Amino acid sequence: MNVLGIILARAGSRGLPNKCMRDLLGQPMIRYTIDHALQCNALSDVILSTDSEPAKAVALSAGIEVVDRPQELASDLATVDAAARHAVESWELSHGASVDAVVLLYGNIPVRQPGLLGRAIRHLQRSNADSVRSVAKVSKQHPDWLHRLEADVMAQYRPNSIYRRQDLTPLYYHDGAAVVVRRDALFGALETPDDHQAFLGKDRRAIIQGPEDSVDVDEALDLVIAEGILRSRQEAVVNTTSPHENLVPRVKIDTRTISCGQPIYVIAEAGVNHNGKLSRAIEMVDAAAGAGADAIKFQVFSAERLASKDAPTARYQRCSDDATSQRSLLEGLELSFEDFREIRDHCKTRAITFLATPFGLEDVAVLEALKVDVIKTASTDLPNKRLLEAVSRVGSPLIVSTGASTVAEIHQSVDWLLRRVGPERLILLHCVSSYPAPLESINLGAIRTMAEAFSVPVGFSDHTQSVQTGGWAVAAGACVLEKHFTLDKTLDGPDHAMSLTPDDLKEYVSGARNAFRALGNGVLGLTELEAEVRSVARKSVVAARDIPAGIAIGAGDLTLKRPGTGITADHFDELLGRRTTVPIHRDTLFDWDMIE
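Bear in mind that the values here come from a model prediction, so they are computed numbers and not experimental data.

J.: Is there a simple way to explain the pattern of salt bridges in this structure?
T.: The full count for this structure, using the stated rule, is 25 salt bridges. When the shortest N-O distance is used, the salt bridge between Glu 362 and Arg 305 registers 3.4 Å. Highlighted residues: Glu 362 in helix 12 (residues 361-369) and Arg 305 in helix 8 (residues 303-306), separated in sequence by 57 residues. For Arg 305, a relative accessible area of 44% puts it in the partly exposed group.

Written out as structure tokens, the structure reads:
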């Protein structure tokens, strides 16, 4: 796919004159956009479209090709898409090649998230949409909280009775940081000249960011905000515990933060392995806490509401139980509201988070009454809008499994959810809905793909029988792990045989946490642990023979030997031709005081 990056920068600006050339931490503001474009490997080429001579000079110094924007495309009345079409045609004419898509980059946006442009391009490719833009959630400026003023009299912009911010319908604004448009849509807009949004095509997609992830500089205050964010990022590079920590939003579960760079969050999946017995469920809470899990998950359902009387069982269910239908199987695995309340309270005493998966609207009401900290939905309910709507209204963070779903179903459901709860309340789990799942099927690379596509924390719902896969998933980018366990693998029931024992679960949790520690912070450079090896194993410049004072040093006078406490090897050539000030005996490490 031939993707052309077009940096757009006019010389004129009413709000902040010559703003793309304003100084920002020691360099012209447009230089940040140029750097963002050059760092994006998904762009085939990058050009600047401008009528600003200073901007041209900056671009040329960075090796960026310049397209001179004609005067009719440099006025306030000129549209962005017209300038982009001119740039595309100019590039195609001079390069003898065709463009498939363009990334529109505004020179007055110096703040972008690392990797944003690549994510937007990949989203366009995967979704086959006409355009993809970055958006951020509207908060206090939501239309339902705005007013008109008649003199000093306030009138609601849109009559409503919404009191709590969390009850506002999520709305999003385009932050300008990323705009990817297919060439067909860009030029197809010429057929509808009165529609100034037509160049975005009919199928318009979004990737969600935080409001702080981009700054569109239009006035002096924006410049101050941009400077503050950029300065804090520079400080974070020096002091950060993880270079990836801010790439995705953070989700709070109880006192824990779920995000890249944060310790792995492990959910012990009790499911229905209590076999309908409260006492066994309590034992499972103790076992999960003892294994070091952060949370334990159950399932809330009514067999009669969940399955029709003749719904067949799955193969893995038939292998472990004599039930002839799902309903007859599930009837013996139910727990009551009072049971769950006791389980929840026991979780509190063991300092482990209680969560559960509801399968119907009545089950959601049970969890809301229990005041749960988080709700988990099953892969089978990913397209179930009625259930997802109900859990989104509870107000808790959501963990959503995506197994047994097509790419289109995942995108449709997750986009729908993001519009309702936003990225700060959503965690996705990559999942292979097979019980058990063979190792060759689990496709852990999909974790990173999903995180890049939706910009939310992503974990792994692990249906393998391995104790090692948790650590592998952490290395693949998982922020959350979910793993089935049982007190006894020989018990009757659909999940016991493929579940871990408590001892296995403890090993699984330990392996995942060790993997997280082993990943480290990703920051390049010398560590304190390496200092001794560096000192004794690196080489210094050493006298290859006895050298009298006053001699011009030649290559034959020098060699390189351990330890690395003298003049380092990279200065070898600097010593050649310099004169010694003192006699230097063979095998002596050179010091700068020994030479002129």
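J.: When you look at the sheet that holds strand 5 (residues 65-68) in this model, what are you seeing that I'm missing?
T.: In sheet architecture, strand pairing relies on hydrogen bonds along the backbone and comes in two forms, parallel and antiparallel. What the seven strands build is an open sheet, ordered 5-4-1-6-10-7-11; its pairing is mixed. Looking at the sheet topology across the chains shown, the edges are occupied by strand 5 and strand 11 (204-209). Going across the sheet, the axis of each strand differs from the next one's by a mean of 30°, ignoring polarity. Against the sheet, helix 1 (residues 29-38) engages strand 1 (3-9), strand 4 (45-50) and strand 6 (101-106), with an angle of about 180° to strand 1.

J.: Just checking my understanding: could you explain helix 12 for this structure?
T.: In an α-helix, one turn spans 3.6 residues, which is why side chains three or four residues apart end up on the same side. For helix 12, the full list of buried residues reads Asp 363, Val 364, Val 366 and Leu 367. End-on, the buried residues of helix 12 take up no more than an arc of 155°, which puts them together on one face. Looking at the buried positions of helix 12, the neighbouring elements they touch are strand 15 (295-300), helix 8, helix 11 (337-349), strand 16 (353-358), strand 17 (375-377) and helix 13 (385-394). Just past helix 12, the residue Lys 371 takes up positive phi, approximately 55°.

J.: Looking at this structure, I do not really get the confidence of the model for the protein chain. What am I missing?
T.: Interpretation of this model should avoid reading the predicted coordinates in detail wherever pLDDT is low. Overall, the predicted model of the protein chain reaches an average pLDDT of 90, with 94% of residues at or above 70. The low-confidence segment residues 240-247, where pLDDT is below 50, has 16 contacts with residues more than four positions distant or belonging to other chains.

Thresholds, definitions, all that
- Residues numbered from 1 in each chain as written.
- Predicted model: local features only at pLDDT ≥ 70, side-chain atom pairs only at ≥ 80, totals over all residues.
- Heavy atoms only, no water.
- Salt bridge = Lys/Arg side-chain N within 4 Å of Asp/Glu carboxyl O.
- Helix = DSSP H or I, 4+ residues; strand = E, 2+ residues; numbered from the N terminus.
- Buried < 20%, exposed > 50% of the residue type's maximum accessible area, 1.4 Å probe, protein only.
- Pairing = 2+ DSSP bridges.
- Axes fitted to C-alpha atoms, helices over the stretch in contact; angles between N-to-C directions.
- Contact = heavy atoms within 4.5 Å.
- Arc of directions from axis to C-beta.
- pLDDT = per-residue confidence, 0-100.

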